[in-house]
Amino acid sequence: MNLTLTNAASPKIAIVGAGALGCYYGARLARAGENVHFLMRGDLATVRKRGLTVSVPTETFHLPPETLHTAATPGEIGPCDLVIIALKTTANASFRELITPLLHDGTAILTLQNGLGSDEELAAIFGAEHILGGICFICVNRLAPGEISCTSTGALSLGEFQRPATERLRAIAEKFTRAGVKTTVSDNLIELRWRKLVWNVPFNGLSIAAGGITTDKIMADPVLENEAAALMREIAAAAAAHGCAIPESFVQKQLDTTRPMGAYKPSSLIDYLAKREVEVESIWGEPMRRAKARNVPTPRLEMLHALLHALT
Ligand SMILES: NC(=O)C1=CN([C@@H]2O[C@H](COP(=O)(O)OP(=O)(O)OC[C@H]3O[C@@H](n4cnc5c(N)ncnc54)[C@H](OP(=O)(O)O)[C@@H]3O)[C@@H](O)[C@H]2O)C=CC1
Ligand SMILES: CC(C)(CO)C(=O)C(=O)O
């Protein structure tokens, strides 16, 4: 497969999982003039009537329904040059059914999902050469159907699955950048994923396990702060055993940057409080299993995983 973005000047883009994250990035790309097709489920009727409204700290923008391409099935969209996946990882069993009708020989499949495992699952079904991944440092919520609120636009980091950055990866990053998303490319997607887990594992996990608390409460309690730091070090050790060096300074930086975040609700806590399924296996289960496979002890992660299983 030629690793370029087909129709690079005007690629046909599908958003699979048009919830908070998918609608946010999809709306930004559509506003920048890209040919974006939203595969929608629960919100379809409302979005077809009222369009999409996205608020970010600096502005609110609206995309009227007549400017949007929306579909109830992937078959209505047909083959695309780029498929962006923003499903919760708890919906990964639908990959084959949702993505197959969107493919041609050169389709790039970019998953923006949290945790570990989705890249490999997609590669096993569709072929490794199609797969790219992204890490989103963003806090976005769906307030109502078609109403997206983003309290921190953060940054997006993209990488190829098991290969260094390619021309196609840079072309996709350029699309996001043009759409106003701060985007970087990396030669090492798996290291990006482990690094993000250094934050997600302790804060998403403890916020639920400690009774549904925000990150400021974790940081204000010396026992919980120590637990967060210890969990971070377990993830760093597991990452090191997979060839991804994460220095102690990175752990310290995560703690330092969390302090001023105030009463922040990690995305898993929002799911938990809304009684939605929590992404337990991709955020805690898969890192735990990968650590075990390399004989890295992760007792705290194992306990947290068990607690989250019981609670969610
Ligand atoms: N939100 C955030 O700030 C961040 C999220 N992430 C990650 O991004 C991913 C997506 O998160 P988020 O956007 O918050 O989740 P949402 O629940 O808001 O969005 C998921 C979307 O997938 C749709 N979906 C699920 N199954 C199907 C199906 N079979 N057919 C069609 N659509 C389907 C849902 O449909 P329906 O509308 O019917 O529910 C929903 O719109 C997760 O892995 C998350 O961890 C990463 C960083 C930040
Ligand atoms: C890092 C952060 C806070 C935002 O992307 C996140 O991943 C989450 O809330 O789950």
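All values reported here derive from a predicted model rather than from experimental measurement. (Residues numbered from 1 in each chain as written. Chains lettered and ligands numbered in written order. Predicted model: local features only at pLDDT ≥ 70, side-chain atom pairs only at ≥ 80, totals over all residues. Heavy atoms only, no water.)

Teacher, can you tell me more about the overall build of the chain here?
Looking only at helices and strands, one finds 13 helices and 10 strands in the chain. Projected onto its principal axes, the C-alpha coordinates of the chain cover approximately 55 × 40 × 30 Å. Scored against the burial criterion, the 312 residues of the chain give a buried share of 54%. The contacts in the chain between residues at least 6 apart in sequence include a share of 68% that link residues at least 24 apart. Of the accessible surface of the chain, which amounts to about 13,300 Å², a share of 53% is contributed by carbon and sulfur atoms. Across the chain, the centroid of the 31 positively charged side chains sits 3 Å from that of the 31 negatively charged ones. (Helix = DSSP H or I, 4+ residues; strand = E, 2+ residues; numbered from the N terminus. Buried < 20%, exposed > 50% of the residue type's maximum accessible area, 1.4 Å probe, protein only. Contact = heavy atoms within 4.5 Å. Areas by Shrake-Rupley, 256 points an atom, 1.4 Å probe, with all protein chains shown as cover. Lys, Arg positive; Asp, Glu negative; His and termini not counted. Charge placed at Lys NZ, Arg CZ, Asp CG, Glu CD.)

Where do I start with the nonpolar core in this structure?
Tyr 25 and Phe 176 are the most contacted members of the largest nonpolar core, which totals 43 residues. For this core, the leading source of residues is helix α1 (residues 20-31), giving 7 residues. Not counting the four nearest positions on each side in its chain, Tyr 25 is found in contact with Leu 112, Cys 136, Ile 138, Leu 156, Phe 176 and Val 181. If you look at the next biggest cluster of nonpolar residues, it comprises 39 residues, including Leu 197, Phe 203, Leu 224 and Ala 239. (Core = buried A, V, L, I, M, F, W, Y, C linked by side-chain atoms within 4.5 Å.)

What should I look at first to understand the pattern of salt bridges in this one?
Note that side chains of opposite charge can pair when their charged atoms are close. Within the structure shown, the criterion is met by 17 salt bridges. Taking the shortest distance from any N to any O, the salt bridge between Arg 142 and Asp 43 comes out at 2.9 Å. Within this pair, whereas Arg 142 is found in strand β8 (residues 131-144), its partner Asp 43 is found in the loop between β2 (35-39) and α2 (44-50), the two being separated by 99 residues in sequence. Overall, Arg 142 belongs to the partly exposed group, its relative accessible area being 43%. When its relative accessible area of 9% is taken as the criterion, Asp 43 is described as buried. (Salt bridge = Lys/Arg side-chain N within 4 Å of Asp/Glu carboxyl O.)

Is there a simple way to explain the site of ligand 2 in this structure?
Taken together, the neighbourhood of ligand 2 is formed by Asn 114, Cys 136, Phe 137, Ile 138, Lys 196, Trp 199, Asn 200, Asn 204, Tyr 264, Pro 266 and Ser 267. Note that an oxygen atom of ligand 2 is positioned 2.8 Å from one of the backbone N or O atoms of Ile 138. In the model, an oxygen atom of ligand 2 is placed 2.8 Å from a nitrogen or oxygen of the Lys 196 side chain. Its free accessible area being 290 Å², ligand 2 has 92% of it covered by the protein chains. Contributions of two or more residues to the shell around ligand 2 are made by β8 and α7 (189-209). Top contributing element to the shell around ligand 2 by residue count: α7, with 4 residues. The residue makeup of the shell around ligand 2 includes at least three contributed by each of domain 1 (12-187) and domain 2 (192-311). (Near = heavy atom within 4 Å. Polar contact = N/O pair within 3.5 Å; in protein donor to acceptor, adjacent residues only side chain to side chain. Domains from an automatic or database assignment.)

When you look at the site of ligand 1 in this model, what are you seeing that I'm missing?
In the neighbourhood of ligand 1, 23 residues make up the surrounding shell, with Ala 20, Leu 21, Arg 41, Arg 142 and Glu 279 lying closest. Within the backbone of Leu 21, a nitrogen or oxygen atom sits 2.8 Å from an oxygen atom of ligand 1. Arg 41 has a polar side-chain atom sitting 2.9 Å from an oxygen atom of ligand 1. The protein chains hide 87% of the 890 Å² of surface that ligand 1 would expose on its own.

Don't take any of this as a statement about function, it's just geometry.
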